[in-house]
Amino acid sequence: TEELIRRNAEHNDCVIFSLEELSLHQQEIERLEHIDKWCRDLKILYLQNNLIGKIENVSKLKKLEYLNLALNNIEKIENLEGCEWLAKLDLTVNFIGELSSIKSLQHNIHLKELFLMGNPCADFDGYRPFVVATLQQLKWLDGKEIERSERIQALQNFPEIEPQIRKQEEAYCLKRAKEKEDAQRKLQEEMEGDRSPSGCRDSESGDISATWYRRETCGAALRVRLLRGHWWPVLVFRSLSRMESNGHLQTPGAPEGHNRKRADNSQADLEFWNKPCLFTPESRLETLRHVEKQRRDREQLSEKKKKVKPSRTLITEDGKPLNVNEPKLDFSLKDDEHRNQITLDLAVYRYMDTSLIDVDVQPTYVRVTVKGKPFQLVLPAEVKPDSSSARRSQTTGHLVVCMPKVGRGRGSISALLGRFPRELHLSGLMTSIMALLIGWENQKVLL
């Protein structure tokens with residue numbers, strides 16, 4: 001998806017149209033789409049360790065120089081003719097059995113390195129001479145340099161090697177057809193609820209590429225087996241360890257029936273990972289589906305375990321506000337007699353968006369909600385909510401709430417007089433002003 005590509009394009013400021021290098025490995029990708037439309041300037045593309053079954057939608061990447069498709073489900077080399085500048089192609093550990101499909105790479109005249117080790121075709125008799133003779137532009141095959149003498153000999157023996165390769169391809173295609181049929185039958189049985197305890201069945205063919213493995217050995221990414229004198233890389237899936245899958249076998253305090261159900265699930269999971277199975281694209285997809293099911297089950301279980309926190313009490317039953325500091329923020333409360341106001345300085349996070357802060361001033365208390373967490377403080381005097389103001393400090397980011405107090409005392413008159421020059425305090429004008437203010441204040445108190 002476009003979101004996935006942008007997430008992996010941080011080095012290019014999340015701009016995808018001008019990307020030259022993109023890494024999408026280990027993303028459980030099953031199909032390539034849109035990448036040749038969105039990222040036409042790509043030069044390096046990493047797609048290893050996914051579940052891609054077909055090479056497609058990359059033909060318009062004219063500038064592509066290196067394509068890594070190792071550890072996928074690819075069975076045929078195709079749709080790469082348009083990658084005019086392709087110089088290195090890595091198809092290590094896939095399921096390529098049609099070795100003759102490499103002929104489609106003859107149009108890639110700049111192709112110098114090719115990796116096919118770990119594919120069924122790499123065990124064919126005459127595999128290397130066939131590739132060397134077919135792709136004469138190659139310089140390296142499976143990490144080994146192609147000597148001039150090797151190429152001359154491969155060209156000389158090509159008429160004899162090609163029929164042998166054809167026969168081996170036909171045998172492999174028959175075997176794969178049976179594997180697909182068995183996998184389809186097993187899938188239908190599982191959908192009907194009739195799960196077979198025997199697991200994956202082996203094909204009748206005795207071909208060395210029918211490699212068995214146990215799913216429980218899932219710690220490493222790749223291991224190698226020696227089969228009839230050939231090193232055969234076998235993919236081992238990264239998935240849940242047995243410790244993780246069995247970690248919740250018994251829950252203290254849980255009902256007996258609940259524990260029995262979890263024990264049954266753990267036993268079934270253990271059987272799944274221990275049963276031998278053919279290393280095929282279908283088995284890789286089956287493993288992915290099983291892991292996804294486990295993940296969904298764990299998420300559902302965690303949601304059930306979540307307890308809804310009771311709402312914090314801010315006002316008692318008799319209407320008395322409480323002091324609450326759920327966001328655990330530092331603060332200071334200042335009673336400014338000169339300005340006749342109360343000032344709250346709340347140390348909210350400097351780079352927090354102001355939209356996440358809500359201020360509510362009441363006559364006897366102030367409440368500030370920070371990211372859904374309430375901060376409430378009882379005020380030492382009654383204030384005027386309508387005249388209150390709140391602002392953020394541009395230097396510290398603190399929230400400053402100014403709340404004027406109700407009424408004015410004599411201290412405020414003295415503060416007002418303090419603003420005039422001292423020589424005017426004894427003048428007749430100042431005496432009159434002072435008398436008027438004191439009279440007005442006394443009248444207000446009497447009212």
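What this report covers is the structure whose coordinates are included nearby. (Residues numbered from 1 in each chain as written. Predicted model: local features only at pLDDT ≥ 70, side-chain atom pairs only at ≥ 80, totals over all residues. Heavy atoms only, no water.)

Digging into the overall build of the protein chain
Okay, so step 1: Secondary structure summary: the protein chain contains 9 helices and 19 strands in total.
Okay, so step 2: Across the 447 residues of the protein chain, 38% fall into the buried class.
Okay, so step 3: Expressed as a percentage of contacts within the protein chain between residues at least 6 apart in sequence, the contacts between residues at least 24 apart total 48%.
Okay, so step 4: Taken as a whole, the protein chain presents about 26600 Å² of accessible surface, with 51% of it coming from carbon and sulfur. (Helix = DSSP H or I, 4+ residues; strand = E, 2+ residues; numbered from the N terminus. Buried < 20%, exposed > 50% of the residue type's maximum accessible area, 1.4 Å probe, protein only. Contact = heavy atoms within 4.5 Å. Areas by Shrake-Rupley, 256 points an atom, 1.4 Å probe, with all protein chains shown as cover.)

Observations concerning the pattern of salt bridges
Okay, so step 1: All told, the structure shown has 20 salt bridges when counted by the stated rule.
Okay, so step 2: Note that Lys63 and Asp41 form a salt bridge whose closest N and O atoms lie 3.2 Å from each other. A residue pair is termed long-range when its members are at least 10 positions apart, and Lys63 in the loop between strand 2 (44–46) and strand 3 (66–68) and Asp41 in the loop between helix 2 (35–38) and strand 2 qualify at 22 residues.
Okay, so step 3: Judged by its relative accessible area of 41%, Lys63 is partly exposed.
Okay, so step 4: Residue Asp335 pairs with Lys405 through a salt bridge whose shortest N-O separation is 3.0 Å. Taken as a pair, Asp335 in strand 13 (residues 331–336) and Lys405 in the loop between strand 19 (399–404) and helix 8 (410–417) lie far apart in primary sequence, 70 residues in all.
Okay, so step 5: Asp335 sits in the partly exposed class, given a relative accessible area of 35%.
Okay, so step 6: Classification of Lys405 by relative accessible area gives buried; the value is 10%.
Okay, so step 7: In the salt-bridge network here, residues are joined through shared partners; they are Glu75, Lys175, Arg176, Glu179 and Glu282. (Salt bridge = Lys/Arg side-chain N within 4 Å of Asp/Glu carboxyl O.)

Some remarks on the pairing of strand 17 (residues 373–378)
Okay, so step 1: Here 2 bridges tie strand 12 (residues 324–325) to strand 17, and the two strands are oriented antiparallel to one another. Among the inter-strand pairings, Asn325 is bridged to a residue of strand 17, identified as Phe375.
Okay, so step 2: Here strand 16 (residues 365–370) runs beside strand 17; their pairing, made up of 6 bridges, is antiparallel. Its bridge partner lying in strand 17, Val368 is registered against Phe375.
Okay, so step 3: In sequence, strand 16 turns back onto strand 17 through a hairpin of 2 residues, with Lys371 there showing a positive phi of about 55°. (Pairing = 2+ DSSP bridges.)

What about the packing of aromatic side chains?
Okay, so step 1: Summed over all chains, the structure comprises 3 aromatic pairs.
Okay, so step 2: The interplanar angle of 20° and the centroid separation of 5.5 Å between the aromatic rings of Phe130 and Phe158 together place this pair among those described as stacked. Here Phe130 is found in helix 3 (residues 127–134), whereas its partner Phe158 is found in helix 4 (residues 148–191), with 28 residues between them in sequence.
Okay, so step 3: Overall, Phe130 belongs to the buried group, its relative accessible area being 1%.
Okay, so step 4: For the cation-ring pair, Lys88 lies above Tyr66, with the distance from its terminal atom to the ring centre recorded as 4.7 Å. (Phe/Tyr/Trp six-rings, centres within 6.5 Å; stacked < 30°, edge-to-face > 60°. Lys NZ or Arg CZ within 6 Å of the ring centre and 35° of its normal.)

Concerning the nonpolar core
Okay, so step 1: Leu80 and Leu99 are the most contacted members of the largest nonpolar core, which totals 55 residues.
Okay, so step 2: Counting residues per element, the ones that place at least two in this core are helix 1 (2–7), helix 3 and helix 4.
Okay, so step 3: Top element by residues in this core is helix 3. It accounts for 5 residues.
Okay, so step 4: Residues contacting Leu99, with those up to four places away along its chain left out, are Leu116, Cys121, Phe124, Tyr127, Phe130, Val131, Ile165 and Glu169.
Okay, so step 5: Core analysis: the next-biggest nonpolar cluster, separate from the first, contains 18 residues, Ile342, Leu344, Ile357 and Val361 among them. (Core = buried A, V, L, I, M, F, W, Y, C linked by side-chain atoms within 4.5 Å.)

Brief notes about helix 3
Okay, so step 1: With 7 of its 8 residues buried, helix 3 lies for the most part within the structure.
Okay, so step 2: Buried within helix 3 are the following residues: Tyr127, Arg128, Phe130, Val131, Val132, Ala133 and Thr134.
Okay, so step 3: Tucked into the core, helix 3 has its buried residues touching strand 5 (113–115), strand 6 (140–141), strand 7 (144–145) and helix 4.

Examining the pairing of strand 14 (residues 341–346)
Okay, so step 1: Here strand 14 lies mainly inside the structure; 5 of its 6 residues are buried.
Okay, so step 2: As judged from the 6 bridges shared by strand 13 and strand 14, these two strands associate in the antiparallel manner. Opposite Asp336, over in strand 14, you have Gln341 as the bridge partner.
Okay, so step 3: Here strand 13 hands over to strand 14 after 4 residues, with Asn340 in that stretch at a positive phi of 55°.
Okay, so step 4: Sheet topology places strand 14 next to strand 19; 6 bridges connect them, and they run antiparallel. Counterpart to Asp345 in the pairing with strand 19 is Val400.

Focus: the sheet that holds strand 2
Okay, so step 1: If you walk across this open sheet you meet the 7 strands as 1-2-3-4-5-6-7, and the pairing is mixed. Each of the sheet's edge strands pairs with one partner strand only, and the pair in question is strand 1 (21–23) and strand 7.

Looking at the packing of helix 3 against helix 4
Okay, so step 1: Closest axis-to-axis distance for the helix 3/helix 4 pair is 7 Å, and the angle between their directions is 115°. As far as their axial angle goes, helix 4 and helix 3 are roughly perpendicular. The chirality of how helix 3 crosses helix 4 is left-handed. Mapping the contact onto sequence places Tyr127, Arg128, Pro129, Phe130, Val132, Ala133 and Thr134 in helix 3 and Glu150, Arg151, Ala154, Leu155, Phe158, Ile161, Glu162 and Ile165 in helix 4.
Okay, so step 2: Across the contact of helix 3 with helix 4, the residue classes tally to 10 nonpolar, 1 polar and 4 charged. (Axes fitted to C-alpha atoms, helices over the stretch in contact; angles between N-to-C directions. Parallel < 35°, antiparallel > 145°, perpendicular 65-115°, else oblique. Left-handed = near helix turned anticlockwise from the far one by under 90°. Nonpolar A, V, L, I, M, F, W, Y, C, P; charged D, E, K, R; others polar.)

Digging into the side chain of Ser101
Okay, so step 1: With respect to the helices, strands and loops of the structure, Ser101 is situated in the loop between strand 4 (88–90) and strand 5.
Okay, so step 2: Assessed through its relative accessible area of 8%, Ser101 is described here as buried.
Okay, so step 3: Here the side chain of Ser101 touches Glu98 through a polar contact of 2.6 Å, landing on its backbone oxygen.
Okay, so step 4: Excluding its chain neighbours within four sequence positions, the residues that come into contact with Ser101 are Lys76, Ile77 and Ile96. (Polar contact = N/O pair within 3.5 Å; in protein donor to acceptor, adjacent residues only side chain to side chain.)

Read these as spatial facts, not as claims about activity.
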